[in-house]
Amino acid sequence: MNIRKVTLDDAYAICNIYNYYVEHTVIALDTILISEIEAKQRINDIINSGHLFYVGEINGKVIGFYHTQYWNNRCACTATVEESIFLDKDETGKGYGTQLFEHLLQHIDKNTVHVLIASIAIPNESSVRLHEKFGFKQISHMKEIGRKFDQWRDVGHWQLILN
C-alpha cells in the first residue's frame, strides 16, 4: 500500500469510504451522509490546522485514510490530539489499518503531541484490537452518548501517552 498526503481530489473516495459506515454501521456516529463539498472542507480544515491527513492507496485507488485533530479546543489541551482511521469496507482484515497506524505514529510530531486519543463507538472490536495492539489503554466508557438506528450507543475512549 502506498501512503501519501491527502489532496482535495481524494474527497470523493473519502466520502465513499466514510459514508458506508455512516449508513450501515454504528462505527461512525454521524447520521447524515457527508457530501464531497463537505469532505473537501474537512480536508482543508484539518490541513490548515496543521494536523495530519493521509490516504492509503493500492493501484491508485484510495482504500483508507487517517487524520488527526485537536481533541479539545482548550489551550491547555493542544498537546492532545484525536486520531481517526477508516478503511474501505472491502479492505478490512488485510493489515492495512496496521500500516496506516504505523505511518501515523512515524509522522506524529512527538515534540508537540503528548497524547493520542481515540473515540470508539462501542461495540467495535476491530478498532479496539487495532488500538490496543499499539499500546492504547481504555480510559472511559460513556453510556448512551449517542443515538443511531433507534438505539442508544456507547462511546469509549482509548489513550496512548507518547512521551
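**Q** Looking at this model, I keep getting lost on the side chain of threonine 80. Mind explaining?
**A** Following the sequence through the fold, threonine 80 ends up in strand 4 (residues 80-87). Here threonine 80 is in contact with Tyr70, Trp71, Val115 and Ile117, once residues within four sequence places are set aside.

**Q** Just checking my understanding: could you explain the environment of glycine 156 for this structure?
**A** When you line up the elements, glycine 156 lands in strand 7 (residues 151-161). Taking the C-alpha atoms as reference points, glycine 156 and glutamate 91, 65 residues apart in sequence, are found 24 Å from one another. Those residues in contact with glycine 156 that sit more than four places away from it in its chain are Ala118, Ser119, Ile120, Ile122, Gln138, Ser140 and His141.

**Q** How should I be thinking about the layout of surface pockets in this particular structure?
**A** It is a probe the size of a water molecule, rolled over the atoms, that shows where empty space is left. Approximately 1,100 Å³ is the volume found for the largest pocket. In terms of residue class, the lining of the largest pocket is built from 22 nonpolar, 13 polar and eight charged. By volume, the second largest pocket is sized at about 200 Å³. Lining the second largest pocket are 13 residues, and of these Gly50, His51, Asp109, Thr112 and Val113 lie nearest its centre. Its residues assigned to classes, the lining of the second largest pocket comprises five nonpolar, seven polar and one charged.

Reading guide: rules and limits
- Residues numbered from 1 in each chain as written.
- Predicted model: local features only at pLDDT ≥ 70, side-chain atom pairs only at ≥ 80, totals over all residues.
- Heavy atoms only, no water.
- Helix = DSSP H or I, 4+ residues; strand = E, 2+ residues; numbered from the N terminus.
- Contact = heavy atoms within 4.5 Å.
- 1 Å grid on protein atoms, 1.4 Å probe; cavity = no way out; pocket = protein on both sides within 12 Å on 5 of 7 lines; lining within 4 Å.
- Points joined across faces, edges and corners; volume = space filled by probe spheres on them.
- Nonpolar A, V, L, I, M, F, W, Y, C, P; charged D, E, K, R; others polar.

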